[in-house]
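Secondary and tertiary structure notes
Chain residues, written in single-letter form:
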Amino acid sequence: MKKTKVLFKVLLGVIVLLLVFVIINFIPTWNLKTKGMRRLEGNWVDVYYESEIAAAKDIFQLADTRAKDLADRLGFTEKQNINIYIYDNQSTMQMKKYGFIGPLLGLDWYIGDNIGTNVILTSPANPGKVHNYDSIKNAVLHEMVHGYASILNPKIQLWLTEGLALYLSNGEVLNSKYKNSMHLPSYTDIQTRNPIKFSNMGGYSLAHTYIEYICVTYGWDKVLELIKSENYEKVFGISGEEMYSGWINYFENYDKYIELSTINI
Ligand SMILES: [Zn+2]
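Every value quoted in this text rests on a predicted model; they were computed, and no experiment measured them. (Residues numbered from 1 in each chain as written. Predicted model: local features only at pLDDT ≥ 70, side-chain atom pairs only at ≥ 80, totals over all residues. Heavy atoms only, no water.)

Regarding the nonpolar core
Among the nonpolar cores identified, the biggest contains 66 residues, and Leu74, Met144 and Trp247 are the most heavily contacted of them. Looking at which element gives the most residues to this core, the answer is helix 4 (residues 133–152), with 9 residues. Counting residues domain by domain, this core receives three or more from each of domain 1 (31–152) and domain 2 (153–265). Residue contacts for Leu74: discarding those within four places in its chain leaves Val145, Tyr148, Leu152, Leu164, Leu168, Trp220 and Leu224. In this structure, Leu32, Met37, Tyr87 and Ile120 belong to the second largest nonpolar core, which totals 9 residues. (Core = buried A, V, L, I, M, F, W, Y, C linked by side-chain atoms within 4.5 Å. Buried < 20%, exposed > 50% of the residue type's maximum accessible area, 1.4 Å probe, protein only. Helix = DSSP H or I, 4+ residues; strand = E, 2+ residues; numbered from the N terminus. Domains from an automatic or database assignment. Contact = heavy atoms within 4.5 Å.)

Some details on the sheet that holds strand 2 (residues 45–49)
As summarised here, the arrangement of the 5 strands in space is 1-2-3-5-4, forming an open sheet in which the pairing is mixed. Edge strands, defined here as strands with exactly one partner in the open sheet, are strand 1 (38–41) and strand 4 (112–115). Strand-to-strand twist in this sheet, taken as the mean axis angle between neighbours without regard to direction, amounts to 20°. Where helix 2 (residues 53–73) meets the sheet, it contacts strand 1, strand 2, strand 3 (82–87) and strand 5 (118–122), and its direction lies at approximately 165° from that of strand 2. Set on the sheet, helix 3 (residues 90–98) makes contact with strand 3, strand 4 and strand 5; between it and strand 4 the angle comes to about 30°. (Pairing = 2+ DSSP bridges. Axes fitted to C-alpha atoms, helices over the stretch in contact; angles between N-to-C directions.)

Some points on the pattern of salt bridges
When their charged atoms lie close together, side chains carrying opposite charge are able to pair. Enumeration according to the criterion identifies 6 salt bridges in this entry. Between Lys97 and Asp113 there is a salt bridge, with its nearest N and O atoms 3.4 Å apart. Residue Lys97 is located in helix 3, and its partner Asp113 is located in strand 4; the two are separated by 16 residues in the primary sequence. Asp189 is the salt-bridge partner of Lys197, the closest N and O atoms lying 3.5 Å from each other. By sharing partners, the salt bridges in this structure join Arg39, Glu41, Asp46 and Lys79 into a single network. (Salt bridge = Lys/Arg side-chain N within 4 Å of Asp/Glu carboxyl O.)

Describing the environment of Cys215
Along the polypeptide, Cys215 turns up in helix 8 (residues 203–218). By relative accessible area, Cys215 is classed as buried at 16%. Separated by 10 residues in sequence, Cys215 and Glu225 place their C-alpha atoms 11 Å apart. Leave out the neighbours within four places in its chain, and Cys215 touches Tyr167, Trp220 and Val223.

Let's talk about the coordination of the zinc ion
Protein coordination at the zinc ion: the donors are His142 (NE2), His146 (NE2), Glu162 (OE) and Glu162 (OE), at 2.1 to 2.5 Å from the metal. Metal-centred angles of 55 to 149° between the 4 donor atoms at the zinc ion mark the site as irregular. Going along the chain, you hit the donors of the zinc ion in the pattern H-x3-H-x15-E. Of the two residues, His142 and His146 are both situated in helix 4; the distance of 4 residues between them amounts to about one turn of the helix. In this pair, the class of His142 matches that of His146, namely buried. (Donors = N, O, S within 2.8 Å, 3.2 Å for Na, K, Ca; no water. Tetrahedral: all angles 85-135°; square planar, octahedral: opposite > 155°, others 65-115°.)

Now the structure itself:
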């Protein structure tokens, strides 16, 4: 009896300690603004920045100019609450999503993200080891699409929101050599909500082709309906698994599609 009591106390102590660590870890995420951040107010987006003024103005210019087009495609006719926070250091940006532990995860490629309609971005003036000025600058459009998608569907599936963001901004056309060397994710894989797993399974090179397949086959309006409801049966009259099989087939014949679209151009 005594032993059980001691064990219970130890266990409780460990749980409380863990909770305290978790709470402390996430303190940086409580406020996306850092001390002294300044704001640029646009017609479509607002940008907050630290000391890298020139890079911030450059991003602001691109984001506010392109936002209308992106918003339009996603069915918005007026300014939404899209805020872009640009941090001088990659580590600050990583802390704003994952807390103090963020920069310790060794994610060199991780330079931007969204938290609902708030976009967080590393300043392109300090691009880190994997990216360069332009790749970070263009990533803002990708993150903005995530922001808009989160308004359409706050709990949107990772595979869909990434596919959408890549499709509307920076998804690459796959050349056949690269395509043939790729291992395709399974139907279960594409359900993941884990961004690291998504990245490791080649999601950033593939997910836009899924959206592209749906758009080419069913039209853009249906893509938007899917983004909003994620209900394949209702929107298309087929299951999610059947859509996945259709995409696999499309992907395996992708070379033909690219040749055809090149000829048409
Ligand atoms: Zn993304």
